[in-house]
Amino acid sequence: MGIVATIMNTKTGQPLQKMTFGRMPKPWASFNLASGELVTAERVSVGKPAPGKFSVPVEIWVSPKD
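Attention in this report is confined to the structure presented alongside it.

Scoring rules and cut-offs
- Residues numbered from 1 in each chain as written.
- Predicted model: local features only at pLDDT ≥ 70, side-chain atom pairs only at ≥ 80, totals over all residues.
- Heavy atoms only, no water.
- Core = buried A, V, L, I, M, F, W, Y, C linked by side-chain atoms within 4.5 Å.
- Buried < 20%, exposed > 50% of the residue type's maximum accessible area, 1.4 Å probe, protein only.
- Helix = DSSP H or I, 4+ residues; strand = E, 2+ residues; numbered from the N terminus.
- Contact = heavy atoms within 4.5 Å.
- Pairing = 2+ DSSP bridges.
- Axes fitted to C-alpha atoms, helices over the stretch in contact; angles between N-to-C directions.

### Concerning the nonpolar core
At step 1: By size, the foremost hydrophobic cluster in this structure holds 11 residues: Ala-5, Ile-7, Met-19, Phe-21, Phe-31, Leu-33, Val-39, Ala-41, Val-58, Ile-60 and Val-62.
At step 2: Looking at this core, the elements with two or more residues in it are β1 (3–9), β2 (15–21) and β6 (58–62).
At step 3: Here the element with the most residues in this core is β6; it accounts for three residues.
At step 4: Setting aside chain neighbours within four positions, we find Ala-5 in contact with Gln-17, Lys-18, Met-19, Phe-21, Val-58 and Ile-60.

### Overview of the sheet that holds strand β5 (residues 43–46)
At step 1: Spatial strand order, β2-β1-β6-β5: four strands in an open sheet with mixed pairing. With one partner strand each, in any of the chains shown, β2 and β5 form the two edges of the open sheet. Sheet twist, expressed as the mean angle between neighbouring strand axes with direction ignored, is 25°.
At step 2: Sheet topology places β1 next to β6; five bridges connect them, and they run parallel. Following the sheet pairing, Ala-5 is matched in β6 by Val-58.

If you want it as structure tokens, here you go:
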């Protein structure tokens, strides 16, 4: 089972897309967005699971060159 993370834009605070990773990404990890742009993770935020749930929300903050 992989980690499903929401990719967030640091400039606007809006979500860009969702991605699945095989393991928890490091804050310096580089990957390609759906648009093909190569970005580097600036911050990885791990939230608390909702009551009665096991899945934890993960957000990866990046700065695309829009």
